There are 2 protein chains.
Amino acid sequence: MDTYRPSVLLDLDGTLVDSVFHHVVAWDAALRAGGYAVPTWRIHEAIGMGSDRLLPWLLGEHVGAADKLSDEHKRRFLEHADALHATPGALALVEDLRHREVPFVVATSASTEELQALLDALGTHDLPTADADSVEAAKPAPDLLLEAVAQIDRPIEHATMVGDSPWDAEAARMVGVRMVAVRCGGFGDRRLTDGGAATVVDDPRALVGRL
Amino acid sequence: MDTYRPSVLLDLDGTLVDSVFHHVVAWDAALRAGGYAVPTWRIHEAIGMGSDRLLPWLLGEHVGAADKLSDEHKRRFLEHADALHATPGALALVEDLRHREVPFVVATSASTEELQALLDALGTHDLPTADADSVEAAKPAPDLLLEAVAQIDRPIEHATMVGDSPWDAEAARMVGVRMVAVRCGGFGDRRLTDGGAATVVDDPRALVGRL
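Treat the numbers as computed from the prediction; the structure is a model and nothing was measured.

## Here's the deal with the environment of B:Glu45
By secondary structure assignment, the location of B:Glu45 is in helix H2 (residues 40-46). A sequence separation of 58 residues divides B:Glu45 from B:Pro103, and the C-alpha atoms of the two residues are 30 Å apart.

Here it is as structure tokens:
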């Protein structure tokens, strides 16, 4: 008989760190500076994708100066990084997984530089991570989740993804991983369950002892 | 036979001006500075209420230093007011209503000071307004809508409210005014229709010629 050998893939932006609304404002400023007028609610819908996907999704396939827009977003986001905080229960969930010996990896679309700022906000750098700079394509492509799972010696079909965006749900669905969604990204239950989330809870605190 | 004599009540924050995400970040900073940790998705849910309602909703009925928190929010919001822009079609909708001689009033929970910054962003100050400082209780209390309707010599049951938040929908329902919602505040269709919105469109552009 096969034993159930759980593992957890944790999204960082919006899930462990309360950063989605700050990303929206940083992208809004970067896009306006680049001459693009995109309503913030549309920007919000795109948060959770890596920059390589977010910009074509918002502006169309052939975006001029995409690198410059990404750099400008990163600069503005990092400029206000001291406003970032952990989501409720984020550190408690990490400690809980360690305590119960459930292997986990933080799988994030963030660049290495943003990753450092997010871990500062979270309050620990002592975490296994797979970030956007370690794979070809960021979320919603499944590459990042496959990279994360490869770091864990557990069956992928026993893994659970914890994320805040429909893009996390899409990536999880592509690799057959169960998705548990948190509301902290502000995406709304309907979009999360439509995207494939098995369940929706407020924040990581609600998952302590349950994964 | 009664003639149909339409009029329009326009919300400002999030409806004519793309300001909701900026409000979230300003409240987040103000609340943290005041020692309160409220997740941004919860702050977002409260945007659209006046400060007098928003703070008790987020922090409980007996908030210490509520005026100080409100002032700090206002200071931080106004500090970044140059990042605000009109939503798509906002000015076109105003011009359209004028052209078709449909009377309208901008009904906003904003304080007089914020109102000026929002009208700067919108690109016109030449608008009839009812703001939070002109009534006892801000949205979702119906006072503001009643004040706005009083400025127009039209039957309230023929009026349409255009807003972006469930709080607009609640205020409209209380006075029996039809509510048309725009998505620009990022509230999600489900919450808007659950709140009582008759229909949901992307932004004011979709309403030009239709109210």
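## Brief notes about the relation of the copies chain B and chain A
In screw terms, the move from chain B to chain A is a rotation of 180° and a rise of 0.0 Å along the axis, fitting with an RMSD of 0.0 Å. Each copy turns onto its partner about a two-fold axis. A shared binding surface is used by both copies, with 100% of the interface residues of chain B retained as interface residues in chain A.

## A short note on the sheet that holds strand E2 (residues 104-108) of chain B
Residue and element names in this part refer to chain B. Within the open sheet, the 6 strands sit side by side as E3-E2-E1-E4-E5-E6. Their pairing is parallel. The two strands at the open ends of the sheet, each matched to only one other strand, are strand E3 (129-131) and strand E6 (199-201). Between one strand axis and the next, the sheet turns by 25° as a mean value, whatever way the strands run.

## Things to note about the sheet that holds strand E3 (residues 129-131) of chain A
Residue and element names in this part refer to chain A. As summarised here, the arrangement of the 6 strands in space is E3-E2-E1-E4-E5-E6, forming an open sheet in which the pairing is parallel. The sheet terminates laterally at E3 and strand E6 (199-201), the two strands that pair on one side only. Averaged over all pairs of adjacent strands, the angle between their axes in this sheet comes to 25°, without regard to strand direction. Bridge analysis of strand E2 (residues 104-108) against E3 gives 3 bridges, and the strand direction is parallel. Residue pairing across strands places Ala-107 opposite Ala-130, the latter belonging to E3.

## Points about unusual backbone geometry
All names here are of chain A. The phi torsion at Ala-65 lies on the positive side, around 55°, for a residue other than glycine. Looking at the element boundaries, Ala-65 is found in the loop between helix H3 (51-59) and helix H4 (66-79). Owing to a relative accessible area of 49%, Ala-65 belongs among the partly exposed residues under this scheme.

What counts as what
- Residues numbered from 1 in each chain as written.
- Chains lettered and ligands numbered in written order.
- Predicted model: local features only at pLDDT ≥ 70, side-chain atom pairs only at ≥ 80, totals over all residues.
- Heavy atoms only, no water.
- Helix = DSSP H or I, 4+ residues; strand = E, 2+ residues; numbered from the N terminus.
- Least-squares fit on C-alpha atoms with pLDDT ≥ 70 in both.
- Contact = heavy atoms within 4.5 Å.
- Pairing = 2+ DSSP bridges.
- Axes fitted to C-alpha atoms, helices over the stretch in contact; angles between N-to-C directions.
- Buried < 20%, exposed > 50% of the residue type's maximum accessible area, 1.4 Å probe, protein only.

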